[in-house]
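Chain residues, written in single-letter form:
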Amino acid sequence: MVFVTTSRKPGEEVRTEAQGLADKIGAPLLPRESFSLAKMFEMSGSGEAIIVGPGGARWQDAGGKEFFFHPNMAAVRVKELSRGGTDALVEAAGIQSGDRVLDCTLGLGSDAIVAAHVVGETGKVTGLESQPVIAALVAHGLTTYRSDSPRLKRAMRRVRVHCADYREVLSSCPDDAYDIVFFDPMFRYTVSRSSGVQALKTLANPAPLGPSSVAEAKRVARRRVILKERKMSGEFERLGFRVVKEASNHAFGVLDCGR
């Protein structure tokens, strides 16, 4: 069981943020006082903690793995789009201003941020994340991350995060509730050796995408369902997606809904 704590000598704002995160995921809030994190792991009997400080919030386990929100390549992608450039996801999905986009596997939220930039003020981007710690930290980061780019900040603030399993959400959605439905399941074999990506893999839901969820997504999406996967994973063929964009480490597959 994860617990929430703060940096040493926290201010009132940090205490309030820590309490909010603890309430959101149903975890105890333990006072940091002068204890080291190793001591808090020992005293609590837990091997996982969320630490909130003036610079943001992060998850850490007793082995030293860390996970925290960062826009990553979304910042570069938004900048490129704002200059009139292209983006592989935007082109594969055909995302347009005013679209309603459902990201079923939010993760760090990079793709949702890019989609939110493209759909603009009149559009809607909803991100689903089944794992409470990831959902809480990404939702917190999207609203508090400091950036010098007004475009990036506006895009991040537009993403609405829900801690929910996409299988349940899709089955309860009406027909044509969104224009685009997007899946980016956690790759079984990750190329990146970054500590953040490896920690995300530890926390993420490993369940594979199933045909029934794809069928529901096709009912819910008015125009297109998108899958991001490894080109040679076999998932595109298994689930009936047509590959339209390839990159060095992944590809995008589409199902056209034609409505």
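Just above sits the structure.
First, a word on scope: everything that follows refers to the structure included in this document. (Residues numbered from 1 in each chain as written. Predicted model: local features only at pLDDT ≥ 70, side-chain atom pairs only at ≥ 80, totals over all residues. Heavy atoms only, no water.)

**Side note on the side chain of Glu129**
Here Glu129 is to be found in strand E6 (residues 124–129). Despite its burial, Glu129 pairs with no opposite charge; the closest candidate is Arg167, at 11 Å N-O. Separated by 3.0 Å, the side chain of Glu129 and the backbone nitrogen of Gln131 make a polar contact. With near-sequence residues (within four places) excluded, Glu129 lies in contact with Leu106, Gly107, Ile134, Ala135, His162, Cys163 and Ala164. (Helix = DSSP H or I, 4+ residues; strand = E, 2+ residues; numbered from the N terminus. Buried < 20%, exposed > 50% of the residue type's maximum accessible area, 1.4 Å probe, protein only. Lys, Arg positive; Asp, Glu negative; His and termini not counted. Salt bridge = Lys/Arg side-chain N within 4 Å of Asp/Glu carboxyl O. Polar contact = N/O pair within 3.5 Å; in protein donor to acceptor, adjacent residues only side chain to side chain. Contact = heavy atoms within 4.5 Å.)

**Some words on the pattern of salt bridges**
Applying the stated criterion across every chain, the model contains 19 salt bridges. The partner of Arg77 in a salt bridge is Asp87, with the nearest N and O atoms 2.7 Å apart. With a gap of ten residues between them, Arg77 in helix H3 (residues 74–82) and Asp87 in the loop between H3 and helix H4 (88–93) connect regions that are remote in the sequence. Grouping residues by exposure puts Arg77 and Asp87 together as buried.

**With respect to the nonpolar core**
Core analysis: the largest hydrophobic core is formed by 51 residues, its most contacted members being Ile50, Phe67, Ile95 and Ile113. In terms of residues, this core owes the most to one element, helix H5 (residues 110–119), which gives seven residues. The residues touching Ile95, leaving out its near neighbours within four places in the chain, are Val90, Val101, Ala115, Val118, Val119, Ile180 and Arg223. Among the nonpolar cores identified, the runner-up in size contains 24 residues, and Leu102, Tyr166, Tyr178 and Phe183 belong to it. (Core = buried A, V, L, I, M, F, W, Y, C linked by side-chain atoms within 4.5 Å.)

**Things to note about H3**
Along H3, the residues classified as buried are Ala74, Arg77, Val78 and Leu81. Summarising the axial view, the buried residues of H3 lie within an arc of 100°, below the 170-degree limit, and thus occupy one face. Along its buried surface, H3 packs onto H4, H5 and helix H7 (150–158). Residue Gly84 follows H3 closely and has a positive phi angle near 90°. (Arc of directions from axis to C-beta.)

**A look at the environment of Arg230**
Structurally, the position occupied by Arg230 is in the loop between strand E9 (221–229) and helix H11 (235–239). By relative accessible area, which is 16% here, Arg230 ends up buried. Considering only alpha carbons, one finds Arg230 and His250, 20 residues apart in sequence, at a separation of 4.4 Å.

This is a description of form; function is not addressed.
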